[in-house]
Every structure is written in C-alpha cells, then in structure tokens.
Amino acid sequence: MRKLILVVFIFAGCKKDPEPTTPITVLESVTNSPLSGANLALFTSTFGGIGGRTLFQGVTDANGICNVPPEHYNNSESEMNVTKAKYWPFLVQKSTTVYITPEGWLKLRIHQLGNYPAGSKLLLNLYDQYGLRSDLTDYNTAADSLVLVKGFGS
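Rules and cut-offs
Residues numbered from 1 in each chain as written. Predicted model: local features only at pLDDT ≥ 70, side-chain atom pairs only at ≥ 80, totals over all residues. Heavy atoms only, no water. Helix = DSSP H or I, 4+ residues; strand = E, 2+ residues; numbered from the N terminus. Buried < 20%, exposed > 50% of the residue type's maximum accessible area, 1.4 Å probe, protein only. Areas by Shrake-Rupley, 256 points an atom, 1.4 Å probe, with all protein chains shown as cover. Core = buried A, V, L, I, M, F, W, Y, C linked by side-chain atoms within 4.5 Å. Contact = heavy atoms within 4.5 Å. Polar contact = N/O pair within 3.5 Å; in protein donor to acceptor, adjacent residues only side chain to side chain. Pairing = 2+ DSSP bridges.

Colleague: How do you make sense of the overall build of the protein when you look at a structure like this?
Modeller: For the protein, the helix and strand inventory stands at two helices and 11 strands. Ordering the α and β elements of the protein from the N terminus gives α-β-β-β-β-α-β-β-β-β-β-β-β. With 154 residues in all, the protein has 25% of them scored as buried. Counting only carbon and sulfur atoms, one obtains 56% of the accessible surface of the protein, whose full area is about 11200 Å².

Written as structure tokens, this is what we have:
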C-alpha cells in the first residue's frame, strides 16, 4: 500500500507547465476597444496560393486576445489573417496588436417626385477623408431607386 501512495505522490508532483504562447490582441481601430469573436489564422502560402497550409486557427476571447503557439507565429514563412463580420479584414501582416476597421454604410433612397427629362441621371460623387474622389456613379432618376454604398473608416 505504501508503494502505491508513493507512486501517486510522484505522479501528482509531475505537473507539466503549460506551453508558452504568443498573445495576439485584436482591437477596433475607431475606439481601440478589444474585439471578441474575431477569427485569426496563421498560414503559409506558395506562389499562386497553391500548396499553402493552415498552421493555426483561433478566435479572440472577451479581451480581444488569441493565444498562438510561438512556433507558428515565429515561422518566417507564415502570414496572418484576422476577420470578423461587419469589419474590413486585416490580411497578410503579422503583429501582436492588430487593428481592424468597422464597415460603414450609406443608404440613399431616391423618390421620383416629378417627370425628369429623358436620360436624366443622378451623379453621386464620393470622397475619402483626404478629399480624393473614390467613386463617381450615374443613377437613373426615372424611377424610385435605392443606392447602398459600403465603406469603412474612422
């Protein structure tokens, strides 16, 4: 009986330390708030995207952190991708702090109130924060229309 107790104490004392990890923190670029539920992947790719392989996939916790095995993060050939619904993806960069930007939407409803001349168009010009035009689009004004513009930014 003493031998059995001694064996139990020996195995109980041999607790394995957890493997060290590299914490990746994902933050929203507008508020600097941690983003839970973001998908993080480390992968390798080859020319043309053929023959690549996934090294690690994980999801951020309530603090916006995903713990990655260091051998995958430190792999010089690995690339990182972070995605979350309603956010613009962060692709092919590697950092322990990642900022992703929320999507924004502009919904423009056009109601025809009168008869416009044939061939009338609504010209919609979109400019970025630096004043550069990013889009110029013609919309038919002959009927009611709904224009949805998807963008991002802070």
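On we go from here.
Colleague: How do you make sense of the nonpolar core when you look at a structure like this?
Modeller: In globular proteins that are soluble, nonpolar side chains generally tend to be buried together. Counting residues in each nonpolar core, the largest one holds 16 residues, and the members touching the most others are Leu-40 and Val-82. At the level of secondary structure, the elements contributing two or more residues to this core comprise strand S1 (22–28), strand S2 (39–44), strand S3 (53–59), strand S4 (65–68), strand S5 (79–83) and strand S8 (97–110).

Colleague: What exactly am I supposed to notice about the environment of Lys-84 here?
Modeller: Looking at the element boundaries, Lys-84 is found in the loop between S5 and strand S6 (87–88). Setting aside residues no more than four positions away along its own chain, Lys-84 makes contact with Leu-35, Ser-36, Gly-37, Ala-38 and Ile-100.

Colleague: In this structure, what is going on with the environment of Thr-83? I would like to understand it.
Modeller: Along the chain, Thr-83 falls in strand S5. Residue classification places Thr-83 among the partly exposed positions, given a relative accessible area of 29%.

Colleague: How should I be thinking about the side chain of Thr-60 in this particular structure?
Modeller: On the secondary structure map, Thr-60 appears in the loop between S3 and S4. Overall, Thr-60 belongs to the buried group, its relative accessible area being 6%. Within the structure, the side chain of Thr-60 is placed 2.6 Å from the backbone oxygen of Leu-35, a separation counted as a polar contact. Residues contacting Thr-60, with those up to four places away along its chain left out, are Val-26, Leu-35, Ser-36, Gly-37, Ala-38, Ile-65 and Cys-66.

Colleague: So what exactly am I meant to see when it comes to the pairing of S2 here?
Modeller: Two faces belong to every sheet, and in a regular strand the side chains alternate between them. Of all six residues in S2, five are buried, a share of seventy percent or more. For S2 and S3, the ladder comprises six bridges, and the chain directions are antiparallel. Paired with Phe-43 across the bridge in S3 is Thr-54. Pairing of S2 with S5 involves five bridges; the strand directions are antiparallel. Among the inter-strand pairings, Leu-42 is bridged to a residue of S5, identified as Met-80.

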